[in-house]
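Here is how the chains run, residue by residue.
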Amino acid sequence: MKIEFCLTMLTAALLFCGCGEPKTPEQIGGEALAAAKAGQWESCVESCDGLLTLAPDSAPVLVLKSIALNNMGDRAAAMSCARRATEIDPGNFQARYMVGYLASLEPGGERRAIDELTRALQMEPDSVKTLLLLGDCGSRLNDDDTEFYLALLPQETAGTAAVRSRLAIHYILRGRKSEAARAFADAYMADSANPVTVLNLARYLDYYAGDPTGACNRYGEFLKMTANNAEFTGLRTLVEGRLNALRR
């Protein structure tokens, strides 16, 4: 998760042993942020713990520790820190967003995530990351408000392939095939070099538009784009099987 906030530094003195000289809270906080930006999550947690020994009720430090713990794979501990931060400071946007983000990763956690993210959006109505995550969770639930959240995005974000594809999937779930076709086409126009975008369009043409020729063309395009990309090995096997079936 990207670090997008400034850690509020503590003002009281906190002594740490390091090369024989004490460190201030500002120095430890700087080390925590530097470790996070470098992906050194264990070091980040250690620095956060040092700060929390003096100020256990620092919501910004708890949020940063939550981010680090999540990146270390300890999602339960990350959620505990994020929830504690919201209890300490209910108006802290980053804390509220983090709880919503972590809830969105849990199986069946979409509704809880939406509740938290809606509160976060009230604090920062222009938050693109909140709107995107609300749209994602809403799409998974086929929620009525999904389209509303995506419509609030600034045009430069709303027009991206990822958002257009997400909106297209929402339309499919709602049985709005013509709007889905337009959204998938818009996504393809926005980023035809993205294998996922190409595959989304291929699957739409195959399973919803009844256009096997168009689907074969896009499946073939996907296979050509990913020929040397090991990340897509599993998907390539599935696509090759589907392509062979359509060509029989």
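Our subject is the structure listed above.
Presented here is a report on the structure given in the accompanying data block.

Rules and cut-offs
Residues numbered from 1 in each chain as written. Predicted model: local features only at pLDDT ≥ 70, side-chain atom pairs only at ≥ 80, totals over all residues. Heavy atoms only, no water. Helix = DSSP H or I, 4+ residues; strand = E, 2+ residues; numbered from the N terminus. Rg over C-alpha atoms; globule rule 2.2 N^0.38 Å. Buried < 20%, exposed > 50% of the residue type's maximum accessible area, 1.4 Å probe, protein only. Contact = heavy atoms within 4.5 Å. Areas by Shrake-Rupley, 256 points an atom, 1.4 Å probe, with all protein chains shown as cover. Lys, Arg positive; Asp, Glu negative; His and termini not counted. Charge placed at Lys NZ, Arg CZ, Asp CG, Glu CD. Salt bridge = Lys/Arg side-chain N within 4 Å of Asp/Glu carboxyl O. Core = buried A, V, L, I, M, F, W, Y, C linked by side-chain atoms within 4.5 Å. Axes fitted to C-alpha atoms, helices over the stretch in contact; angles between N-to-C directions. Parallel < 35°, antiparallel > 145°, perpendicular 65-115°, else oblique. Left-handed = near helix turned anticlockwise from the far one by under 90°. Nonpolar A, V, L, I, M, F, W, Y, C, P; charged D, E, K, R; others polar.

1. Considering the overall build of the protein chain
- The helix and strand inventory of the protein chain stands at 14 helices and zero strands.
- Helices and strands appear in the protein chain in the N-to-C order α-α-α-α-α-α-α-α-α-α-α-α-α-α.
- On C-alpha atoms alone, the protein chain measures out to a radius of gyration of 22 Å, which is more than a quarter above the 18 Å that the 2.2 N^0.38 rule sets for 248 residues.
- Expressed along its principal axes, the backbone C-alpha trace of the protein chain runs to roughly 75 × 40 × 30 Å.
- For the protein chain, the proportion of its 248 residues judged to be buried stands at 46%.
- The contacts in the protein chain between residues at least 6 apart in sequence include a share of 49% that link residues at least 24 apart.
- Entry remark: accessible area of the protein chain is about 12700 Å², with carbon and sulfur atoms responsible for 51%.
- Charge centroids of the protein chain, computed over 26 positive and 31 negative side chains, lie 8 Å from each other.

2. A look at unusual backbone geometry
- Positive phi is not limited to glycine here, since N142 has a value of about 55°.
- Within the fold, N142 resides in the loop between α7 (128–141) and α8 (146–151).

3. Side note on the pattern of salt bridges
- A complete count under the given rule lists 17 salt bridges for this structure.
- Of the charged contacts, one joins R84 and E87 as a salt bridge, the two residues approaching to 3.7 Å between their closest N and O atoms. With a gap of three residues between them, R84 and E87 both fall in helix α4 (residues 75–88), about one helical turn apart.
- Judged by relative accessible area, R84 falls into the partly exposed class, the value being 36%.
- Put simply, R83, R96, E116 and R119 are held in one network by salt bridges that share partners.

4. Here's the deal with the nonpolar core
- By size, the foremost hydrophobic cluster in this structure holds 67 residues, and its most contacted members are C44, L64, Y219 and F222.
- A per-element tally of this core places helix α3 (residues 59–71) first, with eight residues.
- When neighbours within four sequence positions are excluded, Y219 is seen to be in contact with L199, A202, R203, D206, Y207, V239, R242, L243 and L246.

5. Concerning the environment of L134
- Tracing the chain through its elements places L134 in helix α7.
- Accessibility expressed as a relative area gives 0% for L134, which makes it buried.
- When the C-alpha positions of L134 and T118 are compared, they lie 7.7 Å apart, and in sequence the two are 16 residues distant.

6. Topic: the packing of helix α10 (residues 161–173) against helix α11 (residues 177–190)
- Direction vectors running N to C along α10 and α11 enclose 165°, while the axes themselves pass 8 Å from each other. Looking at the two axes, α10 sits roughly antiparallel to α11. In the packing of α10 onto α11, the handedness of the crossing is left-handed. Along the contact surface, α10 presents A161, R164, S165, A168, I169, Y171 and I172, while α11 presents E179, A180, A183, F184, D186, A187 and A190.
- A class-by-class count of the residues in the contact of α10 with α11 yields 10 nonpolar, one polar and three charged.

7. A look at the side chain of D206
- Considering the arrangement of structural elements, one finds D206 in helix α12 (residues 195–207).
- If we skip the residues at most four places from it in the chain, D206 touches A215, Y219, R242 and L246.

8. Side note on the side chain of E110
- Summarising the element assignment, E110 is placed in helix α6 (residues 110–123).
- Setting aside anything within four residues of it in sequence, one finds E110 in contact with A103, C137, R140 and L141.

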